Amino acid sequence: MSNAHAYPHEPTGVETRKLGMWVFLSTEILFFGTLITTFMIFKGREFPGIKLTDVYDIPFTSISSFILLMSSLTMVLAHNALEAKDQEKTRVWLLATAMLGAVFLAGQIYEFTEFYHKGFKLDTNIFSSTFYVLTGFHGLHVFIGVVLLLALWGIGQRQQGLTLEGGMNLEFVALYWHFVDIVWIVLFTVVYLI
Amino acid sequence: MTKIIKPGKQSSIFRRPSSETGIWSWITTVDHKRIGIMYGYAAFFFLLIGGLEALVLRIQLSQPDNNFLTAAEYNAMFTMHGTTMIFLAIMPISAAFFNYLLPLQIGARDVAFPRLNALSFWIFIFGGAFLYSTFIFGTAGAPEGGYLSEEVGWLGSAPNGGWFGYQPNAGMKYSPGTAMDYWAIGLQILGIASLISAFNFITTIINMRTKGMRFMRMPVFTWMTFAVSFLLAFSLPIIAIALFYVTFDRKFGTTFFLTEGGGDPILWQHLFWLFGHPEVYILILPAFGIVSEVLPTFSRKPLFGYAAIVFAGFGIAFIGFGVWAHHMFASAISPVAQAGFGLSTMVIAVPTGVKIFNWLGTIWGGKLKLNTPMLFSLGFIGMFVIGGLSGVTHSVVPADTQQTDTYYVVAHFHYVLFGGALFGIFSGLYYWFPKVWGKMYNETLGKLHFWTMLIGFNLTFGPMHWLGLQGQVRRTWVYAEETNLQFWNIVVTIGAFIIAVSIIIFMINWIFSKRKGEKAPFDPWDARTIEWTIPSPTPEWNFSKAPEVKALDDFWHAKYEEDDEGRAVRKESAEQLLIELEEEGLNPTENIVLPNPSYFPIVLASGLPFLGYAVIYKSIPLALIGSLLLLIGSFGWGTEPLEEEVEDEEDNNEEYLDNV
Amino acid sequence: MSEEHINHPTPKRYVQIAIILGVLTAIEIALYYTEDLVGAFTAPLLIILAVGKFVIVVGWFMHLRFESKMVNRFFAGGMILALILFAIVMIERASANFS
C-alpha cells in the first residue's frame with residue numbers, strides 16, 4: 001500500500017476493507033439464521049388457509065434459482081478479468097452479473113404477484129407472513145447488490161477504469177454477491193424443496 | 001519538513017468541509033477523539049434524562065396509594081427509563097471510551113473506517129432523537145379490556161410495554177397508538193449504529209495494531225472492546241429481525257407473535273433474550289476493561305493473571321450466548337430447557353469469579369493510592385460481587401419463579417448495571433480525564449462524589465432485595481398501605497435523591513476542572529499503557545510516529561526495571577524519558593495524513609428517522625425523503641476520497657488509502 | 001496484491017465448478033419430483049446437496065480456501081454459533097406443547 005503513511009497497517013496480511021466485509025457477512029449469517037429459524041418453527045405448525053404448496057411453481061423457481069447461481073459464475077469471471085487487468089472483459093461480466101440479478105428479481109416480483117392473486121397474501125396466515133418476510137429480505141439484498149454492481153460498472157466507464165485497491169472495490173462487492181447467492185441456495189432448499 | 005496534510009477545497013464533486021473550529025468542525029469530524037467526546041456528552045445527557053425518569057418513579061412509590069402519576073404515565077416512565085439507560089446511556093458511554101481510547105491503546109492514528117465511525121455516531125443521535133420524539137408525536141391509547149383512562153397526557157404518550165416489550169402486551173391490541181412503534185423502530189435504528197461500530201472496532205483491533213502490538217500485548221481494555229464488539233456483531237442481528245416482526249405485526253397485520261393468528265409469543269422471548277443476555281455483557285465488559293486498567297496502575301503492581309483475565313472475558317462472552325432462557329423460567333419452556341439453562345447460568349459465574357480473584361490478587365500487597373478512579377474501581381468490585389451473587393440465585397429455577405418480576409430482580413440488575421457498569425465508567429471518566437482535557441479534576445470533589453454515590457446507591461437498591469422478597473411486584477404503580485412496604489420504599493426514594501446529589505457534584509467537578517483545573521502533568525498516574533506516552537490533551541494526530549511495543553505494559557517497562565530482589569525500581573532515565581516524549585509528541589517529524597472531515601455521514605444518518613416515520617404513518621412522501629437522503633449520502637460518500645492524494649517526494653504514489 | 005492471487009483458479013476451472021453446481025441443482029429438483037420413490041431420505045439428501053453447493057461457492061467463488069486463517073475462523077465461528085443457538089431454539093419450540 002501507499003507509503004504516504006509511514007504507519008503500520010494490516011499485521012494480519014488481510015486487506016482492511018476485505019476483513020470488514022467478512023465480518024459483516026459473518027453477522028449476516030445471524031440475520032438470515034433468525035429468519036430461517038422462524039420459518040422452520042412455523043412450518044411445523046398447523047395453520048388455516050392456503051399453503052405455499054398450493055400456489056408455487058417449482059419449474060419457474062428452479063429456473064430463477066439457476067439464474068442466480070450462474071450470476072455467481074459471471075461475478076467470479078469479472079473478478080478474474082480484473083486481476084488480469086482486462087477492463088473490457090471486467091465490464092462485460094459485471095453487466096452480465098447485474099442483468100442476471102435483475103432477472104432473478106423480476107422473477108421474484110412476478111412470483112409474489114401471482115401468489116397474491118391466488119390469495120396467498122402477507123397476512124393470510126402465519127406461514128405466508130414468514131414466507132414473504134424471509135424471501136423479501138433476501139430480495140432486498142439482491143436489489144442492493146444489483147445497485148452496487150451497476151455503480152461499479154458506472155465507475156468502470158471512467159478513464160482510469162476499475163482497480164482492486166481503491167474506492168468502490170470489486171472484490172468486496174463480489175463477496176457480498178456470492179453471499180446473497182449462497183443464502184438463496186439454502187432458501188431454495190428450505191422453503192421450496194423440503 | 002513536517003506538514004499535516006489538510007483537505008483541499010474542491011477535491012470531489014461537492015465542496016469539502018474545511019472548518020477546524022466551531023460547530024461545523026464537530027458535525028463533519030471523523031476524528032475518533034472528537035467522536036468519542038460527542039458520544040460521551042450525548043450519552044451523559046440521556047443518562048440525566050433517564051435519571052429524572054427514575055426520580056419521577058420513586059416519587060410515585062414513596063407513599064402507598066400515591067397518585068403523583070397515573071398508571072399510564074407510570075408505564076411510560078419505567079419503559080423509557082429502562083430503554084434510555086441501556087440503549088442511550090450505558091451503551092454509548094462505553095462507545096465513547098472505545099472511540100477515544102482504542103486507537104490510542106493500540107498505537108493507531110484512527111480507527112479502520114473513520115467515516116463509518118462518524119456514521120454510527122450520527123445514527124445513534126438520530127435514533128435517540130427519534131425515540132424521544134414519541135413525547136411530541138406519539139400516542140398511547142387505552143388497551144382493549146383494560147382499565148387505564150382513555151386520555152393520557154404527554155408524559156404518558158411514550159412507549160409503555162416495558163423495555164423488553166413482551167408480546168402480546170406490546171402488540172396493537174394491548175398497546176394501541178403509535179408509542180410502541182417508536183420503541184420498535186427506534187431500537188432498530190440504534191441497533192444499526194451499534195452494529196456498524198462493532199464491525200469498525202473488530203477490524204481496527206485486528207488490522208490497525210502498531211509494530212510489536214501482538215494480541216497478547218494488548219491492554220485489557222482493548223481486549224474487552226474486542227469481546228464486546230463480537231457480542232454486538234452476533235447478537236444485534238437477532239433482535240433486528242425480531243423487531244421487524246413486531247413492526248410487521250403492529251403495522252401490516254401479520255401475527256408472528258400473536259396466538260390468535262397462529263403466532264408464538266414465546267418466540268419473541270427467545271429472540272429478545274438471545275440478544276438481551278449478550279447485551280448484559282455488552283454493558284458490563286467495558287467496565288471490566290476499565291477496572292483492569294485502573295487497579296494495576298493505582299496498586300503499582302502488574303495485573304495479576306493477564307492471560308486469565310483475557311480468556312475469562314472471552315469465556316464470559318461465549319457462555320453469555322448460552323444462558324438466555326434463564327430470563328424465561330416463568331414462561332412455558334420445557335423442564336429440560338429449564339434444567340439446562342439453570343446449569344449454564346451457574347457455569348457462567350466461574351469465569352466471572354476468575355476475574356474477581358484476579359482483581360483481588362492485583363491489589364493484594366500493592367502500594368495502593370486511593371485516588372478517585374481507584375475508589376470507584378474498588379467500589380465496583382464490591383457492588384458487582386453483590387449483584388453477581390444475587391444473580392447466581394436466579395439460576396435455581398424454583399427460587400427464580402418466586403423472584404421473577406419482583407423488586408428482588410430490580411435490585412439484582414441495578415447492582416450489576418449501576419454498581420457494576422456505571423461505577424466502572426465513572427472510574428474511567430476520572431482516570432482518563434487528564435488525558436482528554438490536559439487538566440486535573442478536583443480530588444476532594446471526586447471523593448465526595450464517590451462516597452455520596454456509594455451511600456445513595458446502597459440505600460436505593462439494597463432495600464429493594466427485601467422489598468422484593470416481601471412481595472413487592474415490579475412495574476406496578478401503587479401498593480396498598482396494608483402491605484407494610486412503606487418504610488423501605490421511603491428509604492429507597494431518599495437514596496435515589498442522594499444519587500441525584502452525587503451526580504450534581506460530579507457535574508460541578510467536571511465543568512469547574514475542565515475550565516480552571518490545574519494543568520495535568522505528563523504522566524499523572526505513573527501509568528502502564530501507551531496512551532500515556534503522548535501529550536495531554538491528545539494531539540490531533542495521536543502519535544507523532546508509530547510507536548513500537550516491546551512488551552505488555554510497555555510504558556511501565558520503559559520507566560521501571562527489576563532490582564536483584566525482583567522489586568520494581570524506577571530507572572534514573574525515567575524523568576528524562578518523559579520530557580523527551582512530550583517534546584516528540586508535540587513536534588512530529590514526519591508528514592501526517594489525517595482522514596478528511598465529511599458531510600456525508602450526517603446526511604446519510606438523517607435519512608433513517610424519515611424512513612422510521614414513513615413506516616409508522618405509512619407515508620410515501622416521507623419514505624421518498626428518507627430514501628433521497630440515503631441516496632445523496634451514499635453517492636457523496638462513494639465519490640469522495642477519504643484522504644488527499646499524497647505526492648511523496650521519492651515515489652509518486654497515488655493510491656488512496658482505505659477509501660471507505 | 002499479486003502473490004495473494006497466484007493460486008486462484010483459472011476461468012476454465014470456474015466454469016467447471018459452475019457446471020458441478022448446475023448438476024447438483026438438477027439433482028435437487030429431480031429429488032423433489034421423485035419424493036415418493038426416495039421417501040424419508042429426501043429431506044436429508046436435499047440438505048446435504050445444499051450444504052455441498054454452499055461450501056463450493058464459499059470455498060472457490062468467494063476464495064475462502066485461499067484466505068487467511070483469521071477470516072476462515074471468523075466465518076466458521078459465526079456459522080457454528082448460529083447453528084447451535086438456532087438449533088436450541090427450534091428444538092425447544094418444537095417440544096413445547098401447542099395442541
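Note that this is a predicted model, so its numbers are computed, not measured.

1. Details of the overall build of chain C
Item 1. Broken down by element type, chain C carries five helices and zero strands.
Item 2. Starting at the N terminus, the α and β elements of chain C follow one another as α-α-α-α-α.
Item 3. In chain C, which comprises 99 residues, the share counted as buried stands at 26%.

2. Focus: the overall build of chain B
Item 1. Helices and strands together make up the secondary structure of chain B, namely 20 helices and four strands.
Item 2. Since a compact globule built from 660 residues should have a radius of gyration of about 26 Å, the 25 Å found for chain B is in line with a globular shape.
Item 3. A total of 660 residues make up chain B; the buried ones form 54% of that total.
Item 4. Of all intrachain contacts in chain B linking residues separated by at least 6 positions in sequence, the fraction that spans at least 24 positions is 81%.

3. Brief notes about helix α4 (residues 87-117) of chain A
Residue and element names in this part refer to chain A.
Item 1. Between its first and last C-alpha, α4 extends 45 Å over 31 residues, near the 45 Å set by a 1.5 Å rise per residue.
Item 2. At its buried positions, α4 is contacted by α2 (52-55), α3 (58-83), α5 (126-156) and α6 (170-193).
Item 3. At the C-terminal side of α4, G119 shows a positive phi close to 95 degrees.

4. Some thoughts on the interface of chain C and chain B
Item 1. Counting residues at the interface gives nine residues for chain C, matched by 12 residues for chain B.
Item 2. Considering only residue class, the side of chain C that touches chain B consists of five nonpolar, two polar and two charged.

5. Brief notes about the environment of I363 of chain B
All names here are of chain B.
Item 1. As for its placement among the helices and strands, I363 is situated in helix α10 (residues 335-363).
Item 2. In this structure I363 comes out as partly exposed when scored by C-beta crowding, with 18 C-beta atoms within 10 Å.
Item 3. C-alpha separation for the pair I363 and L378, spaced 15 residues apart in sequence, amounts to 9.5 Å.

6. Details of the nonpolar core
One broad trend across soluble globular proteins is that nonpolar side chains are buried collectively.
Item 1. Within the largest apolar cluster, 272 residues are counted, with the highest numbers of intra-cluster contacts made by A43, I90, I202 and A242 of chain B.
Item 2. Both domain 1 (1-67) and domain 2 (68-99) of chain C contribute no fewer than three residues apiece to this core.
Item 3. For I202 of chain B, the contacting residues outside a window of four places in its chain are V23 of chain A together with F226, S229, F230 and A233 of chain B.

7. So, the confidence of the model for chain C
Item 1. The predicted model of chain C has a mean per-residue pLDDT of 85, with 90% of residues at 70 or higher.
Item 2. Confidence metrics for the complex model read pTM 0.93 and ipTM 0.93.

Definitions and cut-offs
Residues numbered from 1 in each chain as written. Chains lettered and ligands numbered in written order. Predicted model: local features only at pLDDT ≥ 70, side-chain atom pairs only at ≥ 80, totals over all residues. Helix = DSSP H or I, 4+ residues; strand = E, 2+ residues; numbered from the N terminus. Buried ≥ 20, exposed ≤ 12 C-beta atoms within 10 Å, placed from the backbone. Rg over C-alpha atoms; globule rule 2.2 N^0.38 Å. Contact = placed C-beta atoms within 7 Å. Expected span 1.5 Å × (residues − 1). Nonpolar A, V, L, I, M, F, W, Y, C, P; charged D, E, K, R; others polar. Core = buried A, V, L, I, M, F, W, Y, C linked by C-beta atoms within 7 Å. Domains from an automatic or database assignment. pLDDT = per-residue confidence, 0-100.

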